[in-house]
Every structure is written in C-alpha cells, then in structure tokens.
Amino acid sequence: MLDAILVMSGLALFLGGVLGYASIRFHVQGNALVEKIDAILPQTQCAQCGFPGCRPYAEAIAEGRADINQCPPGGDANIHKLADLLGVEFKPLNASHGEPKPKSVAFIDESTCIGCTLCLQACPVDAICGAPKQMHTIIAQECTGCELCIAPCPVDCIFMIPVQENISNWKWKQPAYLKGTA
Amino acid sequence: MRALHHFNGGVHPPEHKCESTLRPIQQPPLPEKLVIPLHQHIGNSAKPLVEAGDTVLKGQMIGKAEGYVSGAIHAPTSGKILSVGHESVPHPSGLKDLCIVLEPDGLESWIDLQPLDPLNMDPSTLRNRLRDAGVVGLGGAVFPSFIKLNPGTGKRIKTLVLNGAECEPYITCDDMLMRERAREIIEGAAVMRHMLHAEEVVIGIEDNKPQAISAMREAAGQSMEVVAVPTIYPGGGAKQLIRVLTGIEVPAGERSTDLGVQCFNVATAASVHRAIRYGEPVLSRIVTVTGNVRNPGNFEALIGTPMDHLIDQTGPLEGSTGAIMGGPMMGFDLPSTAVPVVKATNCIIVKSDALFPKKPQPMPCIRCARCAESCPADLQPQELYWFAKAGNFGKAQEYALFDCIECGCCSYVCPSHIPLVQFYRYAKSEIWAQEREKKAADLARIRHDLRLERIEREKREKAERLAQKSAQAKTAENSQPEQK
Amino acid sequence: MNSPYLAQSSSVAQIMVKVLLALVPAIAAYVWFFGPAVLVTIALASATALALEAVMLKLRKKPVKPYLLDGSALLTAWLLALSIPPMGPWWMIVTGTAFAIVIAKHLYGGLGSNPFNPAMVGYAVLIISFPVQMTQWLAPLSIAQSHLDFMSQIGYMFFHALPQGAQLDAFTSATPLDTLKTQLHLDRPMAAIMSMPVYGAIGGTGGQWVAAAYLAGGLYLLQQKIISWHVPAAFIATIFIASGAFHLIDPAHHASPWFELATGATMICAFFILTDPVTGPTTPRGKLIFASGAGFLTFVIRTYGGYPDGVAFAVLLMNICVPLIDAYTQPSVFGKKK
Ligand code: SF4
Ligand code: SF4
Ligand code: SF4
Ligand code: SF4
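Just so you know, these numbers come straight off a predicted model, no measurement behind them.

### A short note on the overall build of chain A
Inference 1: Counting secondary structure elements, chain A contains five helices and four strands.
Inference 2: Counting from the amino terminus, chain A carries its helices and strands in the arrangement α-α-α-α-β-α-β-β-β.
Inference 3: Evaluated residue by residue, chain A yields a buried proportion of 34% over its 182 residues.
Inference 4: Put simply, chain A shows about 10,800 Å² of open surface, and 62% of that area lies on carbon and sulfur atoms.

### Here's the deal with helix 7 (residues 150-159) of chain C
Inference 1: Of all the positions in helix 7 of chain C, only Ser152, Gln153, Gly155, Tyr156 and Met157 of chain C are classed as buried.
Inference 2: Phi turns positive, to about 55°, at His160 of chain C, one or two residues after helix 7 of chain C.

### Here's the deal with the domain arrangement of chain A
All names here are of chain A.
Inference 1: You can read the domains of chain A as domain 1 (32-97) and domain 2 (102-165).
Inference 2: The C-alpha centroid of domain 2 is placed 26 Å from the C-alpha centroid of domain 1.
Inference 3: Across the contact, four residues belong to domain 1 and six residues belong to domain 2.
Inference 4: Buried surface at the junction of domain 1 and domain 2, summed over both partners, amounts to about 330 Å²; 65% is from carbon and sulfur atoms.
Inference 5: Viewed at the interface, domain 2 and domain 1 are joined by zero salt bridges.

### Quick look at the site of ligand 3
Inference 1: Neighbouring residues of ligand 3: Cys365, Ile366, Arg367, Cys368, Ala369, Cys371, Gln382, Cys414, Pro415, Ser416 and Leu420 of chain B.
Inference 2: Among the residues forming the shell around ligand 3, the class breakdown is eight nonpolar, two polar and one charged.

### Focus on the side chain of Thr279 of chain C
Residues and elements named next belong to chain C.
Inference 1: Inspection of the secondary structure assignment puts Thr279 in the loop between helix 14 (266-273) and helix 15 (284-304).
Inference 2: Given the relative accessible area of 2%, Thr279 is considered buried.
Inference 3: Separated by 2.7 Å, the side chains of Thr279 and Asp276 make a polar contact.

### With respect to the pairing of strand 12 (residues 284-291) of chain B
Residues and elements named next belong to chain B.
Inference 1: Within strand 12, seven of the eight residues are buried, which leaves it mostly tucked inside the rest of the structure.
Inference 2: Across six bridges, the pairing between strand 12 and strand 13 (residues 297-302) is antiparallel. Within strand 13, the position partnered with Thr288 by the bridge is Asn298.
Inference 3: Strand direction decides the pairing type here: strand 12 and strand 16 (residues 347-352), joined by four bridges, are parallel.

### Here we look at helix 15 of chain C
Inference 1: Compared with an ideal rise of 1.5 Å per residue, which puts 21 residues at 30 Å, helix 15 of chain C spans 30 Å between its outermost C-alpha atoms and is within 8% of the ideal.
Inference 2: Among the residues making up helix 15 of chain C, those that are buried are Gly286, Lys287, Phe290, Ala291, Gly293, Ala294, Gly295, Thr298, Phe299, Ile301 and Arg302 of chain C.
Inference 3: Contacts made by the buried residues of helix 15 of chain C are with helix 9 (370-374) of chain B together with helix 9 (176-185), helix 12 (230-249), helix 13 (257-262), helix 14 and helix 16 (311-328) of chain C.

### Some words on the domain arrangement of chain B
All names here are of chain B.
Inference 1: According to the domain assignment, chain B contains domain 1 (18-285) and domain 2 (364-484).
Inference 2: Placing the centre of domain 1 and that of domain 2 at their C-alpha centroids yields a distance of 35 Å.
Inference 3: Facing the four residues of domain 1 at the interface are six residues of domain 2.
Inference 4: Taken as a group, Tyr233, Gln240 and Ala252 account for 70% of the area that domain 1 buries against domain 2, more than any other trio of residues on that side.
Inference 5: On the surface where domain 1 and domain 2 come into contact, there are zero salt bridges.

### Here's the deal with the interface of chain C and chain B
Inference 1: In this assembly, 38 residues from chain C lie in contact with 50 residues from chain B.
Inference 2: Contact between chain C and chain B buries roughly 3,800 Å² in total, counting both sides, with carbon and sulfur atoms accounting for 56%.
Inference 3: A per-residue breakdown of the area chain C buries against chain B is headed by Tyr5, Leu6 and Phe334 of chain C, which together make up 23% of the total.
Inference 4: Scanning the region where chain C abuts chain B turns up two salt bridges.
Inference 5: Applying the counting rule to chain C against chain B returns 19 residue pairs in polar contact (both at pLDDT 80 or more).
Inference 6: Looking at the side of chain C that touches chain B, the elements with two or more residues in it are helix 1 (12-34), helix 3 (64-68) and helix 16 of chain C.

### Section: the sheet that holds strand 5 (residues 73-74) of chain B
The strands making up a sheet are joined through hydrogen bonds of the backbone, oriented either antiparallel or parallel.
Residue and element names in this part refer to chain B.
Inference 1: Spatially, three strands are ordered 2-4-5 in an open sheet, and the strand pairing comes out antiparallel. Where the open sheet ends on each side, the last strands, each with one partner, are strand 2 (47-48) and strand 5.
Inference 2: With two bridges connecting them, strand 2 and strand 4 (residues 61-64) associate as antiparallel partners. Of the residues in strand 4, the one forming a bridge with Pro48 is Gly63.

### Here we look at the packing of aromatic side chains
Inference 1: In the structure shown here, the tally under the stated rule is 15 aromatic pairs over all chains.
Inference 2: Ring plane angle 25° and centroid distance 5.7 Å describe the contact between Phe51 of chain A and Tyr57 of chain A, whose orientation is recorded as stacked. Each member of the pair Phe51 of chain A and Tyr57 of chain A is classed as buried.
Inference 3: Within the aromatic cluster, the residues linked to one another by ring pairs are Tyr170 and Phe356 of chain B together with Tyr5 of chain C.
Inference 4: If you follow Lys148 of chain B out to its NZ or CZ, it ends over the ring of Phe264 of chain B, 4.6 Å from the centre.

### Quick word on the sheet that holds strand 12 of chain B
All names here are of chain B.
Inference 1: Sheet architecture is open: five strands sit in the order 13-12-16-14-15, paired in mixed fashion. The open sheet has two free edges, formed respectively by strand 13 and strand 15 (332-333), since each of these has just one partner strand.
Inference 2: As paired elements, strand 14 (residues 320-325) and strand 16 share four bridges and run antiparallel to each other. Considered in strand 16, the bridge of Ser320 is made with Ser352.

### Notes on empty space enclosed by the protein
Residues and elements named next belong to chain C.
Inference 1: Per the counting criterion, the structure on display carries nine cavities of 30 Å³ or more.
Inference 2: Quantified by volume, the largest cavity comes out at close to 620 Å³.
Inference 3: Along the wall of the largest cavity there are 36 residues; nearest its centre are Tyr30, Trp137, Thr175, Gly264 and Ala265.
Inference 4: Contributions of two or more residues to the lining of the largest cavity are made by helix 1, helix 4 (72-83), helix 6 (118-129), strand 1 (137-138), helix 9, helix 11 (207-223), helix 14 and helix 16.

### Focus: the nonpolar core
Inference 1: In terms of nonpolar packing, the biggest core is built from 87 residues, with Leu23, Leu82, Tyr214, Phe272 and Leu274 of chain C touching the most fellow members.
Inference 2: Counting residues per element, this core draws most heavily on helix 1 of chain C, at 12 residues.
Inference 3: Apart from residues no more than four positions distant in its own chain, Leu82 of chain C is found in contact with Leu23, Ile27, Tyr30, Val38, Ile42, Tyr214 and Ile268 of chain C.
Inference 4: Residues Val136, Val201, Val282 and Ala301 of chain B belong to the second largest nonpolar core, which totals 82 residues.

Conventions we followed
Residues numbered from 1 in each chain as written. Chains lettered and ligands numbered in written order. Predicted model: local features only at pLDDT ≥ 70, side-chain atom pairs only at ≥ 80, totals over all residues. Heavy atoms only, no water. Helix = DSSP H or I, 4+ residues; strand = E, 2+ residues; numbered from the N terminus. Buried < 20%, exposed > 50% of the residue type's maximum accessible area, 1.4 Å probe, protein only. Areas by Shrake-Rupley, 256 points an atom, 1.4 Å probe, with all protein chains shown as cover. Domains from an automatic or database assignment. Contact = heavy atoms within 4.5 Å. Buried area = accessible area lost by both parts, 1.4 Å probe. Salt bridge = Lys/Arg side-chain N within 4 Å of Asp/Glu carboxyl O. Near = heavy atom within 4 Å. Nonpolar A, V, L, I, M, F, W, Y, C, P; charged D, E, K, R; others polar. Polar contact = N/O pair within 3.5 Å; in protein donor to acceptor, adjacent residues only side chain to side chain. Pairing = 2+ DSSP bridges. Expected span 1.5 Å × (residues − 1). Phe/Tyr/Trp six-rings, centres within 6.5 Å; stacked < 30°, edge-to-face > 60°. Lys NZ or Arg CZ within 6 Å of the ring centre and 35° of its normal. 1 Å grid on protein atoms, 1.4 Å probe; cavity = no way out; pocket = protein on both sides within 12 Å on 5 of 7 lines; lining within 4 Å. Points joined across faces, edges and corners; volume = space filled by probe spheres on them. Core = buried A, V, L, I, M, F, W, Y, C linked by side-chain atoms within 4.5 Å.

Next comes the structure, spelled out in structure tokens:
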C-alpha cells in the first residue's frame with residue numbers, strides 16, 4: 001500500500017515537473033505571441049473591440065487583459081483561430097462590441113463634400129485623399145470599411161457601400177448536398 | 001519512331017465527335033451585334049480605347065493590354081460602337097463584365113495590315129506583335145502567348161510541343177482546323193520554333209483523328225514530327241501530353257520552359273501565323289456547336305458573336321435544357337445562350353436530359369479509390385474531398401489540392417456520384433479568397449502603422465517647434481530687463 | 001449542374017450486387033457439401049440486417065430507400081452468415097448481425113465511416129460470447145455418421161430440439177483447423193492427422209471446394225475490376241510464405257502451406273472481407289502492407305492463439321492501423337516523383 005502511494009506520488013511529482021518545465025521552455029515569447037494574434041486579426045482598425053486598433057487589442061489579448069471574442073469584423077471564424085492559437089475554449093462573439101457585417105467600403109458623395117478634412121483625420125489607414133477645402137475621395141482598394149469616417153462628417157456625405165461580387169472575387173459555392181446523404 | 005510515355009489514370013468517356021465532323025468549317029452570317037468582353041484572357045482586363053458612338057475598322061484595337069500579363073482586344077469587323085458597359089459573359093458565375101458592344105456595318109473595311117517576315121526578325125519584336133494582336137492560348141486556358149514565347153535568358157528549349165490531342169468528348173474544333181488548315185498551323189509552329197530557338201517540334205494528335213494526322217503529316221513534311229498518341233481523356237492536358245511525348249513531368253506551379261519544353265495548342269499556332277505573316281489580330285476562332293441540335297458542326301465565329309446566333313445555324317431541337325461552354329468534362333453551364341463567343345470558346349454543347357441525364361443522388365464515399373486510380377495527377381481525390389468538405393483547407397493543400405487540374409475523371413468514375421471536382425473548385429476559391437483577404441489585411445496593417453508613425457512624427461515636430469518657440473520666447477524674455 | 005456532366009454507369013449498389021453474386025458459387029458448394037442449413041442462416045441474417053438497417057437509418061434521419069438498396073447491409077449479413085457455423089441457434093445469428101449493423105456500422109457513422117469491418121466485429125463478439133456454439137460446425141455430409149433432414153435442422157436452429165435419438169456429435173464436428181490444433185496438442189504425427197476423414201486432398205473435406213468457389217468468385221471480382229489484386233495477392237502470399245517456411249523447418253508440427261490456404265476463412269477473407277473498401281487503405285502500397293499484415297497475424301493466431309481461426313482478429317487489428325497506413329503510403333504526386 002505504502003509502496004503504491006509512494007510510487008504514485010513520485011510519478012505525479014515527476015510529471016508535474018516535466019509539465020512545468022515544458023510550459024516554461026515552450027512558452028511563446030510575448031512579442032511573438034502578439035505578432036501571431038495580430039496576424040489573425042482582420043486589420044480593419046475599427047476600434048470596435050474597445051482598443052484603438054488591432055495591434056493594441058492583440059497586445060491586450062496576449063497580456064490577458066481582453067477576451068478573444070471582441071472583434072466583430074473577424075467574426076466567429078477568427079475567434080476559432082484565436083482559440084486554437086491560444087489553446088482556449090471558443091466563445092461566440094460578444095454582441096456588445098457589434099455585429100459582423102458584409103464587407104463594405106466608404107463612398108463620399110463628392111457633390112456634398114465641403115472639404116473639411118475631418119474624415120481624413122479619422123481614417124486609420126489614410127484611405128481618403130484630398131486637401132483642405134477640396135473635394136475628398138476614398139481609395140476603394142485601401143478602405144477597410146471601418147466606418148470611422150462617417151461620424152465626423154458634418155454634412156453626412158459618406159456612405160458605406162457593400163462590396164459587390166464580381167468576376168474576379170466570385171467564389172465557387174460549396175456543393176449543396178441533398179439532406180442526409182453523404 | 002518516338003518512344004511514347006504514359007501517365008497514370010485517365011478515363012474513356014463516349015466520344016461523340018463524329019456528329020460535328022461531317023461538314024467542313026462553316027462561315028456564319030454576320031450577327032446584328034457583337035458583344036466583345038474586355039477580359040478574355042488570363043491576367044488583367046484590357047483597357048477600353050473606344051467610346052459609344054465611335055466607328056471602328058475591322059482589326060482595330062479597341063482594348064489595350066494592361067500590365068504584363070494581359071492581351072489586346074480588337075474589333076472583329078467594322079462598324080459602330082454602341083456602348084461600353086457591363087454585359088452578360090460566358091463565366092460560371094453568371095455575373096456581368098465590362099464589354100464593348102459593336103454594331104457591324106457589313107462593309108468589313110480593314111485597318112492597314114502590316115505583315116512581318118518573322119524568320120529574319122528579333123523574337124522580342126515578334127512578341128510585341130503577338131501581344132498587340134491579342135494572341136492567347138486558344139485551347140481554353142487563354143494565357144497570353146507572347147509570355148510563353150519568352151523563354152528567359154539562359155534557358156534552352158529543346159522541344160516545342162503542339163497540342164492537337166483534343167481529348168475531351170464532343171469537341172472537334174482543333175480536329176477540323178488541322179484537317180483544313182494544316183499549313184497555317186505548321187507555319188505558325190515554324191515561327192514559334194524560331195522565337196524559342198527550339199531544337200525540335202513535336203505535334204501530338206490522338207489516334208482517333210486519322211484525317212487530321214495525315215493532313216498534318218503532309219503539311220509538316222520532314223521538318224516536324226507528327227505523333228499519333230493513344231486516345232485517353234485527359235491526354236490533351238498540356239502536362240499529360242508533354243509527359244506522353246517527352247517523358248517529362250511538369251510539376252504544378254513550375255514552368256515547363258524551365259524543363260526545356262513548351263506547349264501550344266494547334267489553333268494558337270495558326271493565330272500566331274496570321275498575326276505575324278498577315279498582321280491579322282485574333283478576330284475569330286473555330287467553335288464546335290453540337291449536342292441537342294439538328295446539324296452539329298464547326299463555325300469560324302467572330303469574337304463577340306452571340307452564341308444563339310451560332311446555335312440557330314445548326315437548327316436547335318426540342319427538349320434543350322441550356323448549354324455548356326467547353327466540353328462535358330471540364331466545361332460549365334452558360335448563364336444563357338445569348339452570351340458572346342470569346343477566345344476561350346472552343347465548343348458549345350446544347351444540353352438535353354437525354355444527352356446528359358441527371359446524376360443519381362450522391363452516396364457517402366466508400367473509399368473504393370476508383371477516383372485515385374483514375375486521377376492523372378496521382379492525387380488521392382477521396383482525401384481531398386474529405387478535407388474540402390470539412391473546410392480543412394490547410395490539410396487539402398498538404399494533399400496537393402493545387403496539383404488538381406480539375407479534369408473531372410474522379411467525379412466521372414465515382415460510384416457514389418459525389419461531385420468531387422466541385423468540392424475542389426470550392427476549396428480552391430475559398431483559399432484564394434483567404435489569400436486576398438490576407439493581402440488586404442497586410443496592406444491595412446502597413447498603412448495603419450505608417451499613419452501612426454506619421455502622427456507620431458507630426459507630434460514630435462510640433463513639440464519641437466513649440467519647444468523652439470518657447471526657447472526663443474525664453475531667450476527673448478531673458479534678454480528683457482526684469483520688470484519687477 | 002456542373003462539370004463533369006458525364007458519369008460512368010456504376011453505383012455502390014451495382015458493386016455490392018456483384019460482390020453478392022460472386023459469393024453464390026461458394027454458397028452452392030456449401031449447400032452441396034454441408035446441406036442446406038446455411039441457406040436458413042443467410043436468410044435469417046439478411047432479414048435481421050435489413051430490418052435493423054432500416055431502423056437505424058430512420059433513427060439517424062437518413063433517407064431509407066437509397067441506403068437500404070445499396071446492398072451493403074445485405075453483404076455484411078452474408079459474410080457473417082458464411083463465417084459462423086451453419087446450424088447455429090437463431091439467437092446467435094441475430095445477435096451477431098445486430099452487433100455488426102447497429103454497433104459496428106451505424107454507431108460509427110454508417111456506410112463509409114465505420115473503421116471496423118462490421119461482419120468481423122459480429123464474428124468476434126460471437127466467438128467471445130458463445131465459444132461452444134461457435135465451434136459446432138456441421139460435418140461434411142459425406143463423412144457424417146448420420147445427418148439431419150432439412151426440417152430437423154431448422155428445428156434445431158429455432159427450438160434447440162433434436163429429433164428422437166439423434167446425437168449432436170453424430171452430425172457436427174470441429175473444423176479442420178480446430179482438429180489440427182487439438183490433435184497436434186495430443187502429439188499425434190502430422191501424417192496420421194492428415195489422414196483423418198475431415199481432411200481432403202488439400203484442405204478440409206468439402207471445405208476445400210468451398211474455398212475453391214470463393215477463389216472463383218474472387219477471380220470474377222478481379223476481372224470485373226471490383227477489387228484490385230493487391231489485397232488478395234499480398235494476403236495469400238504472406239500466409240503461404242509464413243506457413244511454408246514453418247512447414248519446411250518443422251513439418252511435424254506445421255501443416256503444408258497449401259493446407260493453410262484451403263482451410264478456414266483464408267479465401268473468403270482474401271477476396272471478400274479484407275477487400276472491403278471502407279475499412280481498408282486506399283493507396284496501392286497501403287493495400288499491400290495491410291493485407292500482408294493481416295496474413296501474418298492470421299498465421300500467428302492460427303499457430304499460437306487459442307481461437308480456431310485468426311482471420312477475424314487479424315482483420316480487426318489491421319483495421320486499426322488503416323489511417324496510419326494511408327498517411328504513410330501517400331503516392332507521390334504527378335511531377336513530384338522522388
Ligand atoms: S474590432 Fe476592429 S480594431 Fe478591433 S481587432 Fe477587430 S478589426 Fe481590429
Ligand atoms: S475611408 Fe472611412 S471606412 Fe474606409 S478605412 Fe478610412 S475611415 Fe474607414
Ligand atoms: S471514387 Fe468516390 S466513393 Fe470511391 S473513393 Fe473516390 S470519392 Fe470515394
Ligand atoms: S479533377 Fe483533380 S483530383 Fe479529380 S481526377 Fe482530375 S486531377 Fe485528379
């Protein structure tokens with residue numbers, strides 16, 4: 001009886017030691033982890049997560065200051081990836097940060113724009129070009145659809161237009177199966 | 001005699017080729033309007049050079065090649081431009097794309113043609129000509145030919161392969177072209193040989209086309225070798241034909257040029273000949289119209305000809321259920337038969353339930369490996385299917401998803417009637433979309449970082465300026481005598 | 001619809017029907033040499049299998065008709081029925097079939113997803129649970145001291161009742177493999193054992209002809225391209241080489257390799273059981289490894305194990321290895337040959 005207890009506790013100690021060592025030895029270094037998290041985040045830079053951009057949010061996750069389900073543009077798919085990376089349980093998107101929306105780009109109604117440059121200052125990726133008192137335009141390829149430019153506009157001339165499917169971004173659909181088979 | 005090699009897999013679907021080879025190539029009457037898409041090739045869309053209301057001459061460039069991988073687009077006949085806008089095009093998505101609509105004036109007035117004498121000319125001049133003439137691969141891949149004719153410095157091309165195999169059922173446009181215009185093909189091949197400095201030219205034709213083989217042998221004489229290859233689908237795939245003729249296997253993602261071979265479709269050779277010797281850009285192509293029609297045949301159709309115009313010439317029959325562009329193994333459903341003929345249109349098959357019966361309901365995969373036995377790329381389709389279905393795209397890529405040539409052999413043999421290829425197309429386009437998203441995210445990250453840097457810099461500069469100012473103010477203050 | 005628009009006219013049902021067809025000669029030989037009881041076994045197993053298959057499909061909310069008609073349940077039933085003693089009690093047949101269909105097949109995901117060969121799971125459960133009933137084989141008619149008429153056989157199967165004065169021992173016997181094992185244990189010389197009436201020219205009396213009929217059915221499947229040569233060839237060759245080597249070294253204790261091939265479940269296993277695509281590897285090299293492994297295990301269990309035949313356990317053990325075998329035998333892709 002005593003032998004068994006000794007053996008078992010010895011084993012437990014040994015295994016505990018191994019695990020402890022492994023967690024130190026294989027711990028992902030802080031910065032590398034932030035990079036990895038940041039690589040998963042969608043880079044919309046919309047601040048809906050409660051942080052001023054994707055990287056601050058990545059840092060917060062890495063330091064355990066934020067949960068993994070606060071980024072609406074990334075949606076559930078990204079939360080799954082984060083959960084895999086961090087080895088934690090998946091949890092659905094926290095709706096208080098917003099709902100995922102189809103990708104859109106901003107469009108400035110140029111006849112109304114007064115050239116106030118407020119949107120220009122708001123855009124996190126400098127996707128708006130224009131000079132003071134001149135009409136502004138959005139570079140559609142660079143717009144991430146973060147909607148940060150909408151609120152500042154004093155004349156409400158910015159609209160979000162959902163990205164249309166066209167021949168170059170069209171995708172084959174997953175084959176529909178008759179229910180139940182295969 | 002050349003010793004032939006062999007590739008694994010392949011299938012023997014019913015050929016249905018004789019129906020459309022009974023008549024010579026026909027010239028359809030001019031249609032009332034031509035709809036000419038600007039994106040008819042791999043690479044960037046051409047940039048339109050005309051506007052509604054312009055009149056154009058036959059052969060006039062109306063779309064300019066944009067960037068390196070692109071091709072020019074020309075007016076197939078003279079007439080008036082009605083509009084430049086989005087129209088229905090032959091694409092599996094059924095979406096619209098930018099097209100130029102041309103109303104023919106029936107005069108067929110040509111631009112001034114500038115023939116070249118290729119064999120005394122520098123290959124790079126010839127390549128520019130081919131680019132401006134919109135010559136692209138007419139076998140279906142529509143890759144700009146001038147790029148493939150640029151072997152790169154230090155590369156030696158041993159074998160130039162001409163592909164006249166035409167392995168897919170129903171399609172006979174290359175067969176008829178070889179029967180009737182063998183000389184043009186051979187002349188084009190001679191130009192390409194000159195451009196590539198190729199040591200030999202080998203022309204592979206499946207042995208179910210004896211007339212084409214003898215016509216080509218006669219035209220080729222001693223200068224090029226015409227080889228009858230065994231009939232098996234997909235023996236006309238470029239990689240498969242190269243393998244059969246030379247024994248070389250070109251891996252996915254590598255250029256065959258690096259292995260000393262280059263392969264062109266026979267129709268492409270003919271259009272190279274016309275573009276160089278006569279200065280004629282690609283204005284038309286041979287199209288097989290077959291399936292559920294009274295008189296199947298081949299037509300020399302102007303690019304932009306609405307497909308129903310051709311189908312009308314063959315006498316459509318009752319019970320048609322739409323049409324396929326391409327062959328029954330790799331083609332796709334057309335959104336309507338009103339879409340135009342493009343450079344990739346080798347065949348139009350009018351469908352009926354009798355010709356293409358509905359497939360039975362799919363059953364689960366029983367792991368019988370018939371698909372793997374039939375796969376010409378030596379893949380394990382049942383594994384790819386499993387991963388694609390589960391959305392495990394990384395694993396699918398590990399199992400060489402992108403080596404799949406989408407030939408359809410696996411789906412053809414699967415006893416469970418699983419739409420395997422559809423799963424691979426779906427998985428591939430999902431992966432491409434993910435890559436696009438990744439690129440966009442990377443761009444956004446960089447731009448965001450730059451912005452933060454800029455703001456930081458501006459702040460610093462402002463602070464410096466302020467500091468300077470206040471320093472100046474301080475010194476000014478100091479220099480003033482104390483008031484109190 | 002999407003390309004390819006054409007499809008070969010083959011289906012899962014067609015494949016299964018051909019396999020069932022290929023079993024018919026063996027069943028005929030069985031009836032000829034051992035009497036018609038096996039037909040009752042097959043009928044009972046089939047009825048059980050189809051009924052349970054239908055119930056399971058309903059429970060799993062799958063369309064019943066296409067799956068029931070695919071023939072896979074029927075094939076499982078036939079293979080199980082042919083592997084157990086032909087006059088086993090009815091409840092044993094039903095239990096075995098139920099295990100095969102409900103647990104080994106449907107609880108593991110149904111057609112295409114089950115990792116273990118259902119018929120062999122059924123067999124293994126039976127031989128572990130009912131070792132006595134599972135070793136009471138009918139003696140070949142030609143050597144049985146007496147034999148029961150068809151009605152009395154049915155009576156025995158369903159009511160465990162024998163006609164007046166009939167002795168169970170008079171018409172049952174151990175299988176040739178079993179006999180060999182017990183006799184060798186008694187230190188009888190090989191030649192004397194082999195001259196016992198249960199042994200024929202190569203294998204067991206009668207049994208060797210059934211084996212020959214399996215072989216014929218298997219060749220038909222090969223010719224129809226339903227199965228590939230890899231599995232039967234590797235399985236037969238492995239058993240032949242392993243038993244041949246032992247026979248050469250120690251002929252007094254090891255039967256000839258021909259005997260090993262012609263007795264027991266060697267042939268049905270080579271052509272009908274190991275070739276089950278669902279529970280076998282898909283790559284050609286994998287098939288060779290899989291079948292040689294099964295052959296070797298069969299030989300080892302036969303020679304050293306406690307069970308009369310090793311086939312079922314060999315198959316199940318190799319089934320476990322299939323994912324591993326597949327993963328390590330991926331053929332190289334076109335253009336990327338090593
Ligand atoms: S919510 Fe917006 S800022 Fe926050 S991580 Fe997601 S995309 Fe980036
Ligand atoms: S343009 Fe507007 S929506 Fe687009 S990235 Fe800039 S701020 Fe966001
Ligand atoms: S042919 Fe069909 S059923 Fe057979 S392994 Fe391939 S996908 Fe599975
Ligand atoms: S479609 Fe792809 S996986 Fe299927 S047989 Fe062709 S190459 Fe192989």
